[in-house]
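Examining the three-dimensional arrangement
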Amino acid sequence: MRTAPTPAKKKAAAVHVAPVPTKKKAVSTGKAAAKKTAAKAPAKKVVKAAPKKVVKAPVKKVVKAAPKKVVKAPVKKVVRATAVKTTSVPTRASRLALVKTAKSINYYPSDAGWSAMWTNFNAAKIEADLTKAKALGADNVRVIVFPTSFGYPKPKADYTANLAKFISIADARGMTVRLTLFDWWSGYGDTAGSVTWAKTVLTPYANDRRVLSVEVQNEFDATNTQAVAWAKKVIPGLRAAVPTMPLTLSVSGTAGITGLSQIRTAFAATPLDYLDFHFYGNSERALTEIRKAQAAAGSLPIVIGETGLSTAGVDSEGDQAAFLARVFAAARAAKVGSVAPWTLYDFSNGAIPSNSAVSKIPAQYKFGLYRADGSAKPAVNVVKAYWAGQALGNNVLDLGFEAGNSNSAWGPYFSKGGSAVRVAGNARTGFGSVQFSATRRNGIDLPSLRIAPITPVQPGGKWHAEAWAKGQNATGSNQIALSWFDANNKWLGQAQSKQLPAGTTGWIRLTVDATAPAGAASVQLHLKSGDNSGTVWFDDVVLS
C-alpha cells in the first residue's frame, strides 16, 4: 500500500467447516413381514366303545409350516445428482471472466497484518475469518505474498505449504484466490532471481482453477524506470510458467488515473490482461473517477482491487458505510463488476510489523469492515447488500437523524459561523433532529450541515430534496440548498428552497427541485442557517 493522499485518507503503500452437514442416515420404511401359515392336522373322529371307557385318540401336534423366505427383488441403486466439481483446465479467458465479476475481499488477520500473516500463520484464525467473509457474500479473497518473508530466491517449504493451506481453506468455503506478489520489494536488479522465485510459487497453481489471477506487484510505480525494466522481463517469465493465468499490475490512489495511463503505455509491448485500480478518492465523484480510469486503461478491463475509508480520524463509521455505498453504486453505473473493500478487519495494536512504515500510520489500523474484536461496523450491511445484488439507497445516510454521531455521514460546512447539534426529544418524527442556534455568516457562506447522495450524479439528471424545519425566534437565513460540483471539486452553483419564516413556527416542509448542470460530477444537500440569533431545527430529510 502507498501513503494516502491527504484529503482521501488513502491507505499507505504496503511498503505495503462450515462443519460438513452430517448426512442423515437412511431409515428403512419397514421390512416385509414373514407370512406364517398354520397347517392343522385333520381332527379324527372319536369312537366311543360302549360301555367301555372312552378312549381319545392322541391329538397330533400341530405342525406350523416354516415361514416362507421372502425373496426381495434387488433394489436398484439410486444415483443422486450432485454438484460436480470441475477439474477441467482453466483458460486465461475463463479465469479473466471470473476476475471481472469477483466478489473479492482484501484480507489479513486482525492480529497479523501484512507479512505477519505468514510469519505467524494461524490456520484456525484464517478458517474463522474466511467463514465470516463468505457469510458477507464474498466468493474471492486477495492475499499478498512477500518474497522477504517467504524466502528469496528460493521459497521456504513451510511457507509454500502455508500458501497451499490458505488456498485450500478458501476453496473449502467456495472462494477462489487472487495472488499479489512482490510487495515490499525493491530488488529490481535481480530479474533472474525474481522470475525463479515467482515460478516456484506459482507453478503448482498453473492449471488450478482455485487461483484466478496474479498481480505481479502491488501499487506499481510506473515512473521508476528500473522497476519498469524489471517488470518487462518478469512478465514474460511468468507467462511462460503459467500461460493461462491472467496477469496485472495495480496503481495506488496517489498515482491514480495517471498511473494507469503510464502502465498501459509502458507495457504496450508486454501486455497485461487487466488493470487494477485502487480507489481512495472522493466517493461523491466516484463515477467520474472510475470512467476516467476506464479511459486510461484503454482496451484493458479494470477492476477496483482496493477501496475503503479509515475510521481512525475525523471520518465516522457512518462515513465509511456511505463511502462504500457510493463507490459500489458508481461501479455499477460504469459497469465495473468487481470492487474489493480494503479490508475485512481493523488491526489490533502491534498487528502490523513494526519494521514497516505502514505501522506508523494510525489510519491503516481502521479500514476494516469489522472491528478488531470481530464486531461489525455499519459498512458490513452495505457490502452484504451490494454482493447480494440489491439496490443501494440512502438508508445509510441517517436522513432522520436517528443515528449517533459515530454512525452518521453528515458533515459540517463553515462551522466557524456555527455548528449543528444533534438533539433528542424535539423531533418531527422519531426522537432526533439537528439544531442551529446563534449562527453567523461570511458573505455567501452560511453554516450548514451537508450530505451527498448514494446515487451518482450525471449532467441533466433531475434531483429533488426536502426537509422539515421549525424555528423559535428565528432570524436571518434558514433554508435548504442543492450545491453542484465538477470533477475537480469546483462549485458550479446551487438551487435553494424558500426561506423558513422568521419568528416561531411549527414544522414547515422546505423543498428544492433542480437539474444537474453541464459538467456536474457531484451534489451536496445543505441544511443552512446563518445570521440566526434564535434557534432552528431540521428533521426528516429526503434526497432523490
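Residues numbered from 1 in each chain as written. Predicted model: local features only at pLDDT ≥ 70, side-chain atom pairs only at ≥ 80, totals over all residues. Heavy atoms only, no water.

Within the protein chain, the secondary structure is distributed over 11 helices and 21 strands. Sorting the 544 residues of the protein chain into buried and exposed places 50% on the buried side. Within the structure as shown, the protein chain displays about 25,700 Å² of accessible surface, and the carbon and sulfur contribution to it stands at 56%. (Helix = DSSP H or I, 4+ residues; strand = E, 2+ residues; numbered from the N terminus. Buried < 20%, exposed > 50% of the residue type's maximum accessible area, 1.4 Å probe, protein only. Areas by Shrake-Rupley, 256 points an atom, 1.4 Å probe, with all protein chains shown as cover.)

Topologically, Ala385 is positioned in helix 11 (residues 379-387). Residue class for Ala385 comes out buried when judged on its relative accessible area of 12%. A C-alpha to C-alpha distance of 9.3 Å links Ala385 and Ala325, two positions 60 residues apart in sequence. Setting aside chain neighbours within four positions, we find Ala385 in contact with Arg332, Gln390 and Leu392. (Contact = heavy atoms within 4.5 Å.)

In this model, the largest cavity occupies a volume close to 60 Å³. Counting residues per element, the ones that place at least two in the lining of the largest cavity are helix 10 (317-334) and strand 20 (522-530). Across the lining of the largest cavity, the residue classes tally to 8 nonpolar, 3 polar and 2 charged. (1 Å grid on protein atoms, 1.4 Å probe; cavity = no way out; pocket = protein on both sides within 12 Å on 5 of 7 lines; lining within 4 Å. Points joined across faces, edges and corners; volume = space filled by probe spheres on them. Nonpolar A, V, L, I, M, F, W, Y, C, P; charged D, E, K, R; others polar.)

Formed by 139 residues in total, the largest nonpolar core has its most connected members in Trp118, Phe166, Leu482, Leu527 and Phe538. When residues in this core are grouped by element, the largest group, 11 residues, is from helix 10. Within the second largest apolar cluster, 5 residues are counted, among which are Leu96, Val99, Leu212 and Tyr274. (Core = buried A, V, L, I, M, F, W, Y, C linked by side-chain atoms within 4.5 Å.)

Bringing the pattern of salt bridges into the picture now. Per the stated rule, a full pass over the model turns up 15 salt bridges. For Arg142, the salt bridge goes to Glu306, with nearest N and O atoms at 2.7 Å. One end of the pair, Arg142, is in strand 4 (residues 140-144); the other, Glu306, is in strand 10 (residues 302-307), with 164 residues separating them in the sequence. Of the residues examined, Arg142 reaches a relative accessible area of 2% and is grouped as buried. (Salt bridge = Lys/Arg side-chain N within 4 Å of Asp/Glu carboxyl O.)

For the rest of this paragraph, the subject is the side chain of Gln524. Looking at the secondary structure, you find Gln524 in strand 20. Looking at Gln524, its side chain comes within polar contact range of the side chain of Glu284, at 3.2 Å. Side-chain polar atoms of Gln524 contact the side chain of His526, separated by 3.0 Å. Excluding residues that lie within four positions of it along the chain, Gln524 makes contacts with Glu284, Arg450, Ile451, Ala481, Leu482, Ser483 and Phe485. (Polar contact = N/O pair within 3.5 Å; in protein donor to acceptor, adjacent residues only side chain to side chain.)

This part is about the confidence of the model for the protein chain. Predicted confidence across the protein chain gives a mean pLDDT of 88, with 84% of residues reaching 70 or more. The low-confidence segment residues 1-86 (pLDDT under 50) makes 97 contacts with residues lying over four places distant or belonging to another chain. (pLDDT = per-residue confidence, 0-100.)

The subject of this paragraph is the pairing of strand 21 (residues 535-543). Regular strands place their side chains on alternate faces of the sheet. The buried count for strand 21 comes to 8 of 9 residues, which makes it a mostly enclosed element. Pairing between strand 14 (residues 432-437) and strand 21: 4 bridges, direction antiparallel. Residue Phe436 lies in a different strand from strand 21, and its bridge partner there is Val536. (Pairing = 2+ DSSP bridges.)

For the pair helix 6 (residues 191-202) and helix 7 (residues 225-241), the least separation of the axes is 9 Å and the interaxial angle reads 30°. Where helix 6 crosses over helix 7, the two elements pack in a sense that is right-handed. Side by side, helix 6 and helix 7 meet where Thr191, Ser194, Val195, Ala198, Lys199 and Leu202 of the first sit next to Trp230, Lys233, Val234, Gly237, Leu238 and Ala241 of the second. Looking at the contact of helix 6 with helix 7 residue by residue, the classes come out as 7 nonpolar, 3 polar and 2 charged. (Axes fitted to C-alpha atoms, helices over the stretch in contact; angles between N-to-C directions. Left-handed = near helix turned anticlockwise from the far one by under 90°.)

Our focus in this paragraph is the sheet that holds strand 10. Ordered in space as 8-9-10-11, the 4 strands form an open sheet in which the pairing is parallel. Where the open sheet ends on each side, the last strands, each with one partner, are strand 8 (250-251) and strand 11 (339-341). Sheet topology note: the strand 8/strand 9 (residues 275-279) ladder contains 2 bridges and is parallel. Looking across to strand 9, one finds that Ser250 is bridged to Asp276. Across the face of the sheet, helix 8 (residues 256-266) comes into contact with strand 8 and strand 9 while running at roughly 165° to strand 9.

This paragraph deals with the sheet that holds strand 5 (residues 176-180). Taking strand neighbours across the sheet as the criterion, the 5 strands line up as 3-4-5-6-7 in an open arrangement whose pairing is parallel. Both edges of this open sheet fall to strand 3 (104-106) and strand 7 (247-248), since each of them pairs with a single strand only.

Let's shift gears to the packing of helix 8 against helix 9 (residues 286-297). Relative to each other, helix 8 and helix 9 sit at 15°, their axes nearing to 8 Å. Of the possible angle classes, the one that applies to helix 8 and helix 9 is roughly parallel. In terms of crossing hand, the pair formed by helix 8 and helix 9 is right-handed. Of helix 9, the residues touching helix 8 (which contributes Ile257, Leu260, Ser261 and Arg264) are Glu289, Lys292, Ala293, Ala295, Ala296 and Ala297. Its residues placed into classes, the contact of helix 8 with helix 9 shows 6 nonpolar, 1 polar and 3 charged. (Parallel < 35°, antiparallel > 145°, perpendicular 65-115°, else oblique.)

Here the structure, examined in full by the defined rule, presents 24 aromatic pairs. Where Trp118 meets Phe166, the ring centres are 6.2 Å apart and the plane angle is 65°; that geometry is what we call edge-to-face. Within this pair, whereas Trp118 is found in helix 2 (residues 116-119), its partner Phe166 is found in helix 5 (residues 157-172), the two being separated by 48 residues in sequence. Neither Trp118 nor Phe166 differs from the other in exposure class; each is buried. (Phe/Tyr/Trp six-rings, centres within 6.5 Å; stacked < 30°, edge-to-face > 60°.)

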